[in-house]
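This is what each chain is made of:
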Amino acid sequence: MSKQEWLIGTRMPRVDSEPKVRGEVQFTADIKLPRMLHAKVLRSPYPHARIKSIDTTAAAALPGVKAIMTGQDTAGVKWGVFRYTRDQQLLPVDRVRYVGEEVAAVAAVSPEIAAQALELIEVKYEPLPAVSDIWESMADGAPQLHDDHPNNINVHVAIEVGDVEEGFAKAHLVREDVFTAPEDSYFMTEPYAVVANPRPDGSLELWMPNAAPHQKAKALSNALVMPLNKVIVRKVAIGGAFGGRSDVFPAEFITAFLALKTRRPVKLVYTREENSVATRQGHALFTTIKTGVDAEGRVLARDITCYMDGGAYSSTGPIATSVPFLCMEQTYRLPAVRYNGYRVYTNKPIGGMIRIHGRAFAGGVDLQLDMMAQELGLDPLQVRLRNARQPGDTTPTGSYVQSCALSQCIQQAAEAAGWADKYGKLPPYHGIGLGTNSVQTGFPLGIRGGSQAMIKFNEDGGATVMSGVVDNGQGNDNMLVQIAAEVLGLDPGHIQLISADTEATANDPGAYSMIATFAGGNAVLAAAEDARRQIFEVAAEALEAHVDDLVAQDSKVFVAGAPDKGLPVGKVIRMALIQGRPVIGTGSFTPKVDHRREWLSNPAGQLSETFSFGASVAEVRVDPETGMVELLGLWLAQDCGRALNPMVVEGQFEGGAAMGGVGGMLREEHRWSDTPRCLNPTFLEYKVPLACDMPPIENIIVESMDPTGPFGAKEAGMSIAMSAAQAIIGAVSNAIGAPVYDYPLTPDRVLRAIRAKQDGEKQS
Amino acid sequence: MSLAIKSQGLRMTVNGEPVELLVQPHETLLQVLRERLDLTGVKEGCGEGACGACTVLVDGLARRACLTLALEADGCSVLTVEGLADDQGLSIEQQAFIEAGAVQCGFCTPGMLLASHHLLEQNPRPDEAEIRRHLSGHICRCTGYAKIVEAVSNAAARKRGEEPS
Ligand code: FES
Ligand code: FES
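Just so we're clear, the structure is a prediction, and the values are computed from it rather than from any experiment.

About the thresholds
Residues numbered from 1 in each chain as written. Chains lettered and ligands numbered in written order. Predicted model: local features only at pLDDT ≥ 70, side-chain atom pairs only at ≥ 80, totals over all residues. Heavy atoms only, no water. Helix = DSSP H or I, 4+ residues; strand = E, 2+ residues; numbered from the N terminus. Rg over C-alpha atoms; globule rule 2.2 N^0.38 Å. Buried < 20%, exposed > 50% of the residue type's maximum accessible area, 1.4 Å probe, protein only. Contact = heavy atoms within 4.5 Å. Areas by Shrake-Rupley, 256 points an atom, 1.4 Å probe, with all protein chains shown as cover. Lys, Arg positive; Asp, Glu negative; His and termini not counted. Charge placed at Lys NZ, Arg CZ, Asp CG, Glu CD. Buried area = accessible area lost by both parts, 1.4 Å probe. Salt bridge = Lys/Arg side-chain N within 4 Å of Asp/Glu carboxyl O. Polar contact = N/O pair within 3.5 Å; in protein donor to acceptor, adjacent residues only side chain to side chain. Nonpolar A, V, L, I, M, F, W, Y, C, P; charged D, E, K, R; others polar. Pairing = 2+ DSSP bridges. Axes fitted to C-alpha atoms, helices over the stretch in contact; angles between N-to-C directions. Domains from an automatic or database assignment.

J.: Pulling in residues and values, what's your account of the overall build of chain A?
T.: The helix and strand inventory of chain A stands at 19 helices and 30 strands. Rg of the C-alpha trace for chain A: 27 Å, near the compact-globule value of 27 Å for 764 residues, within the 12% margin. Dimensions along the principal axes, computed over C-alpha positions, put chain A at roughly 90 × 70 × 45 Å. Among the 764 residues that make up chain A, the fraction classed as buried is 67%. The contacts of chain A with a sequence gap of at least 6 include a subset with a gap of at least 24, amounting to 80%. Taken as a whole, chain A presents about 26,000 Å² of accessible surface, with 51% of it coming from carbon and sulfur. Chain A carries 71 positive and 88 negative side-chain charges, and their two centres are separated by 4 Å.

Structure follows, in C-alpha cells:
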C-alpha cells in the first residue's frame with residue numbers, strides 16, 4: 001500500500017449509525033410478517049431427568065394454538081460443532097441435562113396464548129441425580145451425562161512441546177499456583193430471537209442475531225434435511241454477540257420446524273432469563289500453572305492444567321478448551337510447555353466462548369509472572385518485555401508470527417501510565433498492574449474458512465458490494481464499505497451493501513475468532529481492486545492513457561495529477577456496458593492456515609495467518625476495610641495492524657475494557673443454587689458495568705502494518721478485553737501486597753486475600 | 001382465551017400525532033408502542049426496568065415503557081426515538097452520537113438518546129460526572145460508555161451554541 005489512502009485511517013462516521021439513531025433499523029424481535037405466529041418454549045425444571053412422557057392434548061385444544069412440537073417430532077436430530085461432538089439433541093427425546101433445557105414448543109396466534117399453552121403441556125419426569133461442579137462430576141461413580149464420556153470428561157486437549165522437565169530443572173525459580181473463576185455471561189443488550197418464514201418456492205428464510213450466517217444456514221440445512229440454498233439466513237441488525245452468538249441453538253431449529261409445520265411465519269423472542277440460561281455462558285475455570293524462570297525472569301518452561309466447567313453439552317468444546325492456551329502461547333515466548341485442558345460436563349447451562357474467555361488462565365499467567373518478578377527483585381515490566389513475542393517467531397504449536405508489536409504496546413502503555421514513577425512507589429493499598437495478551441484472526445475452518453465478495457455497478461456509477469460478513473455491532477458493515485469506497489474512489493454514500501444474507505452473499509467464515517476484517521475485508525478489497533482494474537481498462541482507452549497511470553477518486557477516473565480531464569465513473573460504466581464488458585468485481589480471500597491442524601488430534605501447524613497483540617495497564621485503589629476496588633485509570637495499547645477507522649478501533653478498546661476488565665474482572669459472575677439453578681440470570685442481579693463504573697481510559701493504537709491484512713489491518717479490541725482484566729488483577733494484587741487467585745475481584749475475594757496476608761504475617 | 005377484561009380507551013399524543021386506541025388495562029406502554037403502533041425503535045432488553053432500552057419521554061419525563069402501563073400515559077404526550085428527528089433533520093443529540101462514534105450495535109441507542117435529551121432539557125451544562133450518573137440506568141454492552149458520554153457533552157455544547165471542546 002504505497003499510495004496515500006484518502007478514507008482508510010479516517011474517523012469516518014459509521015454508515016449504519018444514522019438508521020440506528022433514528023430507531024429505524026430492524027432487530028429480529030422488530031420483524032412483523034403477515035399471519036405471523038408466536039412461539040414459546042417449555043423448559044426443564046430439573047437439572048437432570050428422564051422424560052417419561054409428554055402429553056400435549058390439552059395444549060393443542062386451546063383455541064389459537066397452531067402447532068406443538070416435542071423431541072418425538074424431531075427424530076432426535078443432534079447438533080455439535082464437530083462431527084465428534086454431536087451430543088445435543090436440538091429437542092431432547094428422553095433426557096434433559098440442565099435447568100432450562102428445551103422440552104417442547106408451541107406456536108400460537110399470540111405470545112400470551114403460546115405461554116398459556118405451555119402450562120397445559122404435561123411432562124412426566126423421572127428426576128436423576130445431578131452434578132453441579134467439575135469435581136463432583138469427575139469423581140468415580142458420579143452420574144454420567146453422556147454414555148461415551150467416562151468421568152464426564154467431554155474434551156481433553158493435550159499439548160507438549162519441548163522438554164518441560166528439563167526446563168524446570170534448569171530454572172532459577174519455579175512456582176505453582178492455582179487460579180479460579182466461576183461462570184460469566186454475555187448480556188448482550190438484545191435478547192435472543194428468531195423469525196422463520198416459509199416461502200412459496202419451498203425455501204425458508206430466517207432472521208436471528210448470529211455471528212456467522214453461512215454457518216447457521218449450514219447447520220439448519222443439516223438439521224431440517226433441506227438443501228443449503230433453500231435455507232436462507234437474512235441480514236438483520238444484531239445487538240451484540242461477544243462470542244455468544246457463534247454457535248447453533250435449539251431456538252432456530254424450533255422456530256424453523258414450527259414455521260414449516262404450520263406453513264406460516266413464526267417468531268420466537270427469548271426473555272432476558274432465557275437469553276442467559278438457554279444460549280451460552282462463559283465457562284467456570286480452575287487452572288493450575290507451574291512456571292520456571294531463569295534469574296532474569298525469562299520463562300524456561302510452563303506446565304498448565306485447566307479444568308473448565310462446560311455444562312451439559314459440547315458446543316464449541318474443543319475450541320473453548322484450547323483458546324486460553326493458544327492466547328498465552330502467542331503472547332509469550334515459551335521454550336517448553338505442557339498443557340492439559342479438560343472440559344467437563346455438568347448439569348448446568350452450556351459453556352461457550354466469551355470475550356474474556358479464560359480469565360482465570362490468562363490472569364494467572366500474568367499474576368504469576370508478577371510474583372516471580374517480585375521474588376527475583378525484577379520489575380514486572382522488564383519481565384514482560386523479556387518474554388514478549390517478537391515478529392518472525394514461531395509459537396510452540398507451530399504458528400509463524402508475521403507481524404507483532406507487542407513490545408511497543410507494553411512500552412507505550414507503561415509509559416502513558418507512568419509506570420516508572422508508580423510501580424513500587426505508590427502508597428499502601430494503591431497499586432498498578434500490567435496485562436498482555438494475543439488473539440488469533442480466525443482458525444482453520446476447512447471449506448468454510450474463506451470469504452468471497454462481489455461488486456456490481458449501476459449505470460449512474462453507484463456500486464453494490466456483496467459480502468457474507470456479518471455485523472454484530474462492532475462495525476463490520478462500515479469496514480466493508482470503507483474499504484470498497486477507498487479503492488473505488490467512491491463516496492461511501494454511493495455504495496450499497498448487501499451483507500450477511502446467505503441467499504445473495506457467498507461464503508464467509510463469520511464474525512467470530514476475530515476474522516471479519518482479515519478475511520472479509522481482504523475479500524472486499526480484492527473485489528474492489530478487480531472492479532477498479534476493469535474500470536481502468538475501459539477508461540484507459542477513452543483517455544488514451546495507460547492503466548497504471550489512472551486513479552479513481554471523487555467518483556471520477558483520471559490520469560494522476562489531471563483530475564480535470566477525468567471521466568465520471570458512471571460514464572465509464574456506461575461505456576463498458578455498450579462495449580459488452582460490464583464491470584463486475586469479484587474477490588476472495590482464504591487465510592493461509594494449516595488445514596491438517598485439528599483441535600484434539602493434531603494441535604500443530606499454522607493456526608491463523610496473523611495475530612493481534614495488546615497490553616493494558618491498570619491503576620487501582622483498594623479499600624482495606626471493605627475490599628472495594630476503585631479503578632483509577634486504564635491505559636490500553638493494541639497492535640491492531642492498522643486502524644482502518646481509529647474511532648471504531650477506540651470503541652472496541654473501550655467496550656473491551658468495560659466488558660473484559662471492569663465487568664469481567666471486578667464483578668461479573670453467575671451464582672448457583674444447590675440444584676444447580678442459575679440464581680442471577682437477569683440484569684437486576686447480574687452486575688454489568690454502568691457509565692458511572694468506568695474509569696478514565698487512554699487508548700493507544702499501535703500499527704504494525706500486517707503484510708497480508710487489508711491495508712495492514714488485523715483485529716481490533718479483543719486483546720484489550722483480555723489484557724485489561726489481567727492488568728486489573730496485577731494492580732489489585734500490587735495494591736494489597738498479596739496475590740488474589742480467585743476472580744472476579746469482588747470485595748469478598750479481595751478481603752479474603754487481605755486477611756490471608758494478615759494471618760500469614762501474624763504467624764511468621 | 002380468558003383475557004376478557006374490558007378494554008379501555010387510551011388517548012395520547014405520540015411523537016406529535018394524536019393517537020386513540022382501545023387497550024387492555026394490563027398492557028404496557030412498551031407493548032402498545034411496539035406492537036400496536038409499530039414504533040419498534042423502542043427496545044425491550046429486559047422487561048423489568050433494569051436496562052433502560054425501552055426509555056421514552058412521557059410529558060417530558062424519562063419513563064421505562066416496560067414498567068409503565070399504557071393507560072398511565074392517557075392524556076399524555078409521548079416521545080420515542082422515532083420522534084427525535086424532525087423535517088429539518090436529526091436532533092443535536094442524534095448528530096452528536098453519530099459523529100462521536102457512540103453507536104455500535106445500536107440496541108441501547110434509542111434509550112440512551114432519550115435519556116440524553118431529557119438530561120439536556122433539565123441541565124444544559126452537565127459535567128462529565130452528571131452525564132455518567134444520568135446515563136447509569138442505561139446499559140450499553142458495546143461501547144464502554146466513553147463515546148456516549150463524549151457525544152452527550154458535545155451535544156450539550158452545541159445546544160448552548162458553543163463548539164464542542
Ligand atoms: S426493557 Fe424496560 S428497562 Fe429493560
Ligand atoms: S451500542 Fe450495543 S448496547 Fe450500546
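J.: A description of unusual backbone geometry should follow, citing residues and the corresponding values.
T.: Only a minority of non-glycine residues have a phi that is not negative, and only a minority of peptide bonds are not trans. In this structure, the amide linkage connecting T675 of chain A to the following residue, P676 of chain A, adopts the cis form with an omega of 5°. Within the fold, P676 of chain A resides in the loop between α17 (646-666) and β30 (697-702). A cis amide bond links Y743 of chain A to the next residue, P744 of chain A, at an omega of 0°. Among the secondary structure elements, P744 of chain A is positioned in the loop between α18 (718-736) and α19 (747-763). Phi angles above zero are rare outside glycine, and M705 of chain A is one such case at about 50°. In this fold, M705 of chain A is placed in the loop between β30 and α18. Residue classification places M705 of chain A among the partly exposed residues on the basis of a relative accessible area of 41%. With a phi angle near 55°, D38 of chain B is a residue other than glycine that sits in the positive phi range. In this structure, D38 of chain B sits in the loop between α1 (29-36) and β3 (55-58).

J.: Residue-level account of the interface of chain A and chain B, with values.
T.: Counting residues at the interface gives 52 residues for chain A, matched by 46 residues for chain B. Contact between chain A and chain B buries roughly 3,800 Å² in total, counting both sides, with carbon and sulfur atoms accounting for 58%. Sorting the residues of chain A by area buried against chain B places V21, T189 and A691 of chain A first, and these three jointly supply 18% of that buried surface. Inspection of the chain A/chain B interface yields 6 salt bridges. The salt bridge involving R34 of chain B is made with D30 of chain A; its shortest N-O contact spans 2.8 Å. On the surface where chain A and chain B come into contact, there are 22 residue pairs in polar contact (both at pLDDT 80 or more). Among the elements of the structure, α1 (17-21), α3 (111-120) and α17 of chain A are those that each provide at least two residues to the side of chain A that touches chain B. When residues of the side of chain A that touches chain B are assigned to their parent elements, the largest contribution, 8 residues, is made by α17 of chain A. Residue composition of the side of chain A that touches chain B, by class: 24 nonpolar, 13 polar and 15 charged.

J.: Talk me through the sheet that holds strand β23 (residues 495-499) of chain A; I want residue IDs and the actual numbers.
T.: Residue and element names in this part refer to chain A. As summarised here, the arrangement of the 4 strands in space is β23-β22-β21-β27, forming an open sheet in which the pairing is mixed. With partners counted over all chains shown, the strands left at the sheet margins are β23 and β27 (584-589), one partner each. Strand-to-strand twist across the sheet, computed as the mean angle between neighbouring axes with direction ignored, equals 15°. Helix α15 (residues 516-543) contacts β21 (451-457), β22 (463-467) and β27 of the sheet and is inclined by roughly 150° relative to β27.

J.: Tell me about the domain arrangement of chain B, and name the residues and values.
T.: Residue and element names in this part refer to chain B. When its domains are assigned, chain B resolves into domain 1 (8-83) and domain 2 (92-159). Taken together, the 18 residues of domain 1 in the interface contact 11 residues of domain 2. Overall, the association of domain 1 and domain 2 removes approximately 1,100 Å² of surface from exposure, summing both partners, and the carbon and sulfur fraction of that is 67%. There are 0 salt bridges connecting domain 1 and domain 2. Viewed at the interface, domain 2 and domain 1 are joined by 3 residue pairs in polar contact (both at pLDDT 80 or more). Mapped onto the side of domain 1 that touches domain 2, the elements with two or more residues apiece are β3 and β4 (61-64). Of the residues that constitute the side of domain 1 that touches domain 2, the class distribution is 9 nonpolar, 6 polar and 3 charged.

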